[in-house]
Amino acid sequence: MRLILFGAPGVGKGVQGNLLKEKYNIPKISTGDILRDNIKNDTPEGKEAKEYMNSGKLVPDSLINSIVEKRLRNEDCKNGFILDGYPRTVPQAEFLIEVSNKMDRGIEKVISIEVEKDLIVKRLSSRRVCLSCGEVYNMLTDPPPENGVCRTCGEKKIIQRDDDKPETIEKRFEVYNKDTHPLKEFYNNKGLLVEVDGSGDINEIHKNIISLIE
Ligand SMILES: [Zn+2]
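All figures in this text were calculated on a predicted structure; none of them were measured in a lab. (Residues numbered from 1 in each chain as written. Predicted model: local features only at pLDDT ≥ 70, side-chain atom pairs only at ≥ 80, totals over all residues. Heavy atoms only, no water.)

Across 3 bridges, the pairing between strand 5 (residues 127-130) and strand 6 (residues 136-138) is antiparallel. Each residue of the ladder has a partner; that of V129, found in strand 6, is V136. Hairpin connection between strand 5 and strand 6: a loop of 5 residues separates the two successive antiparallel strands, and G134 in this loop has a positive phi of roughly 90°. Looking at chain direction, strand 5 and strand 7 (residues 158-159) are connected through 2 bridges and run antiparallel. (Pairing = 2+ DSSP bridges. Helix = DSSP H or I, 4+ residues; strand = E, 2+ residues; numbered from the N terminus.)

The next point concerns the coordination of the zinc ion. Looking at the metal site, the zinc ion is ligated by C130 (SG), C133 (SG), C150 (SG) and C153 (SG), spaced 2.3 Å from it. Coordination at the zinc ion comes from 4 donor atoms whose angles at the metal span 105 to 114°, giving a geometry best classed as tetrahedral. For the zinc ion, all donor residues lie on one chain, and their spacing in sequence is C-x2-C-x16-C-x2-C. With C133 in the loop between strand 5 and strand 6 and C153 in the loop between strand 6 and strand 7, the pair connects residues that are 20 residues apart, well separated along the chain. A relative accessible area of 36% means that C133 is categorised as partly exposed. For C153, a relative accessible area of 32% corresponds to the partly exposed category. (Donors = N, O, S within 2.8 Å, 3.2 Å for Na, K, Ca; no water. Tetrahedral: all angles 85-135°; square planar, octahedral: opposite > 155°, others 65-115°. Buried < 20%, exposed > 50% of the residue type's maximum accessible area, 1.4 Å probe, protein only.)

Glancing now at the sheet that holds strand 6. The strand order across the open sheet built from 3 strands is 6-5-7, with neighbouring strands paired in antiparallel fashion. Each having just a single partner strand, strand 6 and strand 7 make up the two edges of the open sheet.

Further remarks concern helix 2 (residues 31-40). Among the residues of helix 2, those classed as buried are T31, I34, L35 and N38. Looking straight down helix 2, one finds its buried side chains confined to an arc of 105°; they lie on one side. Seen from the open side of helix 2, the exposed residues pointing more than 90 degrees away from its buried face are R36 and K40. Looking at the buried side of helix 2, the elements it contacts are strand 2 (28-30), helix 3 (44-54), helix 4 (61-73) and strand 3 (81-84). After helix 2 finishes, the residue D42 shows a positive phi value of roughly 55°. (Arc of directions from axis to C-beta. Contact = heavy atoms within 4.5 Å.)

To continue, consider the pattern of salt bridges. Evaluation of the coordinates by the stated rule reveals 21 salt bridges. We note a salt bridge from E75 to K78, for which the minimum N-O separation is 3.4 Å. Given a relative accessible area of 47%, K78 falls into the partly exposed group. Note that D142 is salt-bridged to R151, the shortest N-O span being 2.9 Å. With relative accessibility at 27%, the residue D142 sits in the partly exposed group. Judged by relative accessible area, R151 falls into the partly exposed class, the value being 45%. If you follow the salt bridges from partner to partner, you end up with R127, R161, D163, D164 and R172 in one network. (Salt bridge = Lys/Arg side-chain N within 4 Å of Asp/Glu carboxyl O.)

Here we come to unusual backbone geometry. Backbone phi values are negative for most residues with the exception of glycine, while trans is the configuration of most peptide bonds. With an omega of -10°, the peptide bond between Y86 and P87 qualifies as cis. For P87, the position within the fold is in the loop between strand 3 and helix 5 (90-102). The residue N25 is not glycine, and still its phi comes out positive at about 55°. Position of N25 among the secondary structure elements: in the loop between helix 1 (13-24) and strand 2. Judged by relative accessible area, N25 falls into the exposed class, the value being 70%. A positive phi is found at D42, a non-glycine position, where the angle reads about 55°. Tracing the chain through its elements places D42 in the loop between helix 2 and helix 3.

Looking at the secondary structure, you find Q16 in helix 1. Filtering out sequence-adjacent residues up to four positions away, Q16 remains in contact with L5, I113, I202, I205, H206 and I209.

Counting residues in hydrophobic clusters, the biggest one holds 50 residues, and the most contacted among them are L20, L83, I111 and Y187. A per-element tally of this core places helix 4 first, with 5 residues. Contact partners of L20, with chain neighbours within four places excluded, come to L3, L5, N25, I82, I111, H206, I209, I210 and I213. (Core = buried A, V, L, I, M, F, W, Y, C linked by side-chain atoms within 4.5 Å.)

Right under this line is the structure:
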């Protein structure tokens, strides 16, 4: 099962990716995670990425591509993988098609999770995270304890990330619409795209995804 999870910021790609990862016992690969791993392990790519990030620049496509390519060559991807948050641009998608086919690990399905923008904004702006351990809360569905102490690590560092503030959400949407949304047509033209309604219950959505890919 070689999958891409696709959709606007906040549609629930991460959550669905984790459920698929457990169901099929294949790795979920997000560029954020592998970038952090490379930086932590001080690989040549990690060093290069760190230089861009430290100077406030975006990590270029070429570097992201080579990090993803290496990751996909790993033994643990032999039975499949789930990409979350990559590719983000048409050039990245073209690169991925080429290298994944070359290593006989071509993409089988692109799952586009569809949610109305208003609902996404509501979901994202109600998200809170623990700075200390990364635990995620939601003011609507899963609020943090009233005393502000994290249920997982016991620290008192639960905050709203800048990424989840309304003005930043708006900017993330602009970038998504400009750079990433065109990928939908790209994958549709290749016959890889399936769409799933991402507005309801998490487990219901998971079941719908499975019925679309099996
Ligand atoms: Zn915590």
